[in-house]
Amino acid sequence: MGVVGFGSVRSCGVTTLTVALAATWPAERRVLVVEADPAGGTLAGASGWPPEPSLVSLAAASRRGGDPSRAWEHCQQLPGGGEVLPGPASADQAHDALAMLGGLLGAFGELDADVLVDCGRLDSGSPVHGLWERADRAVLVARPRLADLQAVATWLETHPFAGGRLGLVTVGEGPYPDAEITEALGIEVLARVPWDPVTASGLMSVPASARELRLAPLVRAARTFADHLAADHAAMKPAAAQTPTAEGFVSVRARVWRAFRPDTATVSPNGTAPDQVSP
């Protein structure tokens, strides 16, 4: 399939989504999660893995060569069999490792596997912007609430994107239907996943197929989305990047404001989710 990049404009569960997808990925396909969040990784701490092998050890080994298949030697394993290249907890170490890896990360599309890259928050100057832009598919993750959708709208106006390559996944409850979000932002809502921190934590120690997890809302939503992504070969073909212009369409922010006026918003039935959803 190639590389799918996952990122957010505001922190909202990118790591949880990539892990849940890997845990429910079709069994006949090899899958690799790359925790390339410049803010630092959380998976090693959540799972009790040792500091290495990791993104840091791969960066050190890459000094001796640039073969992307070397990544397999630096992976940890999820309980269900998915492989993870975990990032370091330190933001400084994460930045250094990502800078050292450079073009090697961009060559991960050559691997005989489906590669899910956790790009974290897509801040200006992020060292993974190049990887995000070259991914075969890019998926923004956001909460379906006015402030978050406005932040996504602002980001879309200032960042190039390829129309068919970019999609949105929403995390948690919100008052806005998928069709309204798609129309306002101009990008398709690919899936909704629930805010389910208990199940997210469980995926680090128990296979998604285990009795206590397989019917959990997060696992069911992730499995459906994983099957969709794995089968969607046509959508993974690279497309030319397009930069939005004032002549090309009405302001995304204006569309969002008209579609989602503040007085129509309601409080999520699940309450306010934390800024960071993590396993």
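Asker: What is the right way to look at the pattern of salt bridges in this model?
Answerer: Any two side chains of opposite charge can pair if their charged atoms end up close together. Under the definition given, this model contains five salt bridges. The salt bridge involving aspartate 123 is made with arginine 121; its shortest N-O contact spans 3.1 Å. Given the relative accessible area of 39%, aspartate 123 is considered partly exposed. Its relative accessible area of 39% is what places arginine 121 among the partly exposed residues. Its salt-bridge partner being aspartate 148, residue arginine 143 comes within 3.2 Å of it at the nearest N-O pair.

Asker: Help me understand the sheet that holds strand S5 (residues 114–121), please; the structure alone is not making it clear to me.
Answerer: Backbone hydrogen bonds are what pair the strands of a sheet, in a parallel or an antiparallel way. Reading across the sheet, the eight strands line up as S3-S4-S2-S5-S1-S6-S7-S8 and stay open at both edges, with mixed pairing between neighbours. The sheet terminates laterally at strand S3 (76–77) and strand S8 (188–193), the two strands that pair on one side only. Note: strand S2 (residues 31–35) against S5, five bridges, orientation parallel. In the sheet register, valine 34 faces S5, and the bridge partner there is valine 117. Helix H8 (residues 178–185) rests against strand S7 (166–171) and S8 of the sheet, and its axis sits at about 140° to S8. This element, helix H10 (residues 217–231), spans strand S1 (2–8), S7 and S8 of the sheet and lies at about 150° to S8.

Quick notes on the rules
- Residues numbered from 1 in each chain as written.
- Predicted model: local features only at pLDDT ≥ 70, side-chain atom pairs only at ≥ 80, totals over all residues.
- Heavy atoms only, no water.
- Salt bridge = Lys/Arg side-chain N within 4 Å of Asp/Glu carboxyl O.
- Buried < 20%, exposed > 50% of the residue type's maximum accessible area, 1.4 Å probe, protein only.
- Pairing = 2+ DSSP bridges.
- Helix = DSSP H or I, 4+ residues; strand = E, 2+ residues; numbered from the N terminus.
- Contact = heavy atoms within 4.5 Å.
- Axes fitted to C-alpha atoms, helices over the stretch in contact; angles between N-to-C directions.

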